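# A look at the structure
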Amino acid sequence: MLSQFRNRHLVSLIGYCDENSENTLIYEYMENETLKSHPYASGYPCMSWKQRFDICIGAAIGINFLHTASPTLAIHCDVKSSNILLDETSRPKLLISGCQSLELMIKIMSPPI
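The text that follows walks through the structure, step by step, so that each part is easy to find.

Thresholds applied
- Residues numbered from 1 in each chain as written.
- Predicted model: local features only at pLDDT ≥ 70, side-chain atom pairs only at ≥ 80, totals over all residues.
- Heavy atoms only, no water.
- Patch = residues over 30% accessible without salt bridge, like charges linked within 9 Å, V, L, I, M, F, W, Y side chains within 5 Å.
- Areas by Shrake-Rupley, 256 points an atom, 1.4 Å probe, with all protein chains shown as cover.
- Salt bridge = Lys/Arg side-chain N within 4 Å of Asp/Glu carboxyl O.
- Helix = DSSP H or I, 4+ residues; strand = E, 2+ residues; numbered from the N terminus.
- Buried < 20%, exposed > 50% of the residue type's maximum accessible area, 1.4 Å probe, protein only.
- Polar contact = N/O pair within 3.5 Å; in protein donor to acceptor, adjacent residues only side chain to side chain.
- Contact = heavy atoms within 4.5 Å.
- Pairing = 2+ DSSP bridges.
- Phe/Tyr/Trp six-rings, centres within 6.5 Å; stacked < 30°, edge-to-face > 60°.
- Lys NZ or Arg CZ within 6 Å of the ring centre and 35° of its normal.

On the surface, Phe53, Ile57 and Ile61 cluster together into a nonpolar patch covering about 280 Å² of accessible area. Inspection of the secondary structure puts Ile57 in helix H1 (residues 49–69).

Structural data, given as structure tokens:
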């Protein structure tokens, strides 16, 4: 399911490994790490309010894509600063490992007949 999501505001899934009891997801490299690390890391300059605003808008666009425009509508169940990654230009990309398809969520939440 994760490989279906393609948007410039989502971290791309490059591949996976499912051998023996090991399960590994491989995502594209994000040079500036997570949003969570920026306020606390001494190696990063302080972000301007414009950068912060652009990051908020970019993350919102990624969430909106999952909820309304992706091939499989999904709900991101784990939105937090450690799941917003920044590329080399500080463009935000949402890590999509915490997603559930809307179809699955409806199935789980529906009472049995």
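Before going further, it helps to spend a moment on the pattern of salt bridges. The full count for this structure, using the stated rule, is two salt bridges. Across the salt bridge formed by Glu28 and Lys93, the nearest N and O atoms sit 3.3 Å from each other. Of this pair, Glu28 sits in the loop between strand E2 (22–27) and H1 while Lys93 sits in strand E5 (residues 92–94); the two residues are 65 residues apart in sequence, bridging distant segments of the chain. Look at Lys93 and you get buried, because its relative accessible area is 11%. The salt bridge involving Lys50 is made with Asp54; its shortest N-O contact spans 2.9 Å. Of this pair, Lys50 and Asp54 both sit in helix H1, four residues apart, roughly one helical turn.

A few words now on the side chain of Lys93. Within the structure, the side chain of Lys93 is placed 3.3 Å from the side chain of Glu28, a separation counted as a polar contact. Look past the residues within four positions of Lys93 in its chain and what remains in contact with it is Arg8, His9, Leu10, Val11, Glu28, Met30, Asn83, Ile84, Leu85 and Asp87.

Across six bridges, strand E1 (residues 13–19) lies against E2 in antiparallel orientation. Bridge pairing in E2 links Leu13 to Tyr27. Between E1 and E2, which pair antiparallel and follow one another directly, the connecting turn spans two residues, one of which, Asn20, has a positive phi of 50 degrees.

Next up on the list: the packing of aromatic side chains. Inspection of the entire model under this criterion finds zero aromatic pairs. The ring of Trp49 has Arg52 sitting right over it, with the charged end atom 4.4 Å from the ring centre.

As a further point, take the environment of Pro92. By the element assignment, Pro92 lies in strand E5. Classification of Pro92 by relative accessible area gives buried; the value is 5%. As a C-alpha pair, Pro92 and Ile57 span 35 residues in sequence and 8.8 Å in three-dimensional space. Each residue touching Pro92, except ones within four places of it in the same chain, is listed here: Arg8, His9, Asp54, Ile55, Gly58, Ala59, Ile84, Leu85 and Leu86.

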